[in-house]
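Coordinate analysis (summary)
The chain contents come next:
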Amino acid sequence: MDKEKKSYHFNITEVQDGKIQEVMNFNFGGHHDLAVMVKKLEATGMFSDKHSKELVIGLRLLHHVAKKYPDNEIIKAFATALDAFKKSIKAKAGGGCGCSCEGK
């Protein structure tokens, strides 16, 4: 199954005393459509727009690291809970990432 690769760029800035300073930036990719995921989560009414965005981005980044380091003892200890949480969110939001892996 071919999945369309998406690429995102995160630019994190800190605002302190009215001054903006870049803290970090990085690229992140995958087949998940973050905008679709946010819209699905927002539609549940469980979270605000802002918190839906934060949850989707945080969960995708955490999941990405967990997949890269499955043998890490901290990840192993958390993997079952992470998978259960993701399945619960998908069930409430009526699906996942808006791609061809829907329902998996």
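Before any of the text, the structure's been laid out above.
Notes on the structure follow. (Residues numbered from 1 in each chain as written. Predicted model: local features only at pLDDT ≥ 70, side-chain atom pairs only at ≥ 80, totals over all residues. Heavy atoms only, no water.)

**A few points about the overall build of the chain**
- Across its full length, the chain holds 3 helices and 2 strands.
- Reading the chain from its N terminus to its C terminus gives the helix and strand order β-β-α-α-α.
- Counting all 104 residues of the chain, 26% fall into the buried class.
- Here the analysis covers contacts within the chain between residues at least 6 apart in sequence; of these, 49% occur between residues at least 24 apart. (Helix = DSSP H or I, 4+ residues; strand = E, 2+ residues; numbered from the N terminus. Buried < 20%, exposed > 50% of the residue type's maximum accessible area, 1.4 Å probe, protein only. Contact = heavy atoms within 4.5 Å.)

**Looking at the packing of helix α1 (residues 34-43) against helix α2 (residues 49-68)**
- In the contact formed by α1 and α2, the axes pass within 9 Å of each other and the chain directions differ by 130°. Between α1 and α2, the angle is such that the two are oblique. Like other packed secondary-structure pairs, α1 and α2 cross with a definite hand, here right-handed. Residues Leu34, Met37, Val38, Leu41 and Glu42 of α1 lie in contact with α2, whose contacting residues are Asp49, Ser52, Lys53, Leu55, Val56 and Arg60.
- Residues belonging to the contact of α1 with α2 are distributed by class as follows: 6 nonpolar, 1 polar and 4 charged. (Axes fitted to C-alpha atoms, helices over the stretch in contact; angles between N-to-C directions. Parallel < 35°, antiparallel > 145°, perpendicular 65-115°, else oblique. Left-handed = near helix turned anticlockwise from the far one by under 90°. Nonpolar A, V, L, I, M, F, W, Y, C, P; charged D, E, K, R; others polar.)

**A closer look at the side chain of histidine 32**
- Inspection of the secondary structure puts histidine 32 in the loop between β2 (19-30) and α1.
- In this structure the side chain of histidine 32 is engaged in a polar contact, spanning 3.1 Å, whose partner is the side chain of arginine 60. (Polar contact = N/O pair within 3.5 Å; in protein donor to acceptor, adjacent residues only side chain to side chain.)

**Overview of the pairing of β2**
- Sheet topology places strand β1 (residues 6-16) next to β2; 11 bridges connect them, and they run antiparallel. Among the inter-strand pairings, glutamine 16 is bridged to a residue of β2, identified as lysine 19.
- In this antiparallel pair of consecutive strands, β1 and β2, the connection spans 2 residues, and aspartate 17 shows a positive phi of 55°. (Pairing = 2+ DSSP bridges.)

**Points about helix α3 (residues 73-93)**
- Across its 21 residues, α3 extends 30 Å between first and last C-alpha, which sits within 8% of the 30 Å expected from 1.5 Å per residue.
- Maximal helix bending in α3 amounts to about 45°, located at alanine 79.
- Its side-chain oxygen placed 2.8 Å from the backbone nitrogen of isoleucine 74, asparagine 72 serves as the N-cap of α3.
- Downstream of α3 by one or two residues, glycine 94 has phi in the positive range, about 75°. (Expected span 1.5 Å × (residues − 1). Bend = angle between axes of the 7 residues up to and from the residue.)

Remember, this is a structural readout, not a statement about activity or role.
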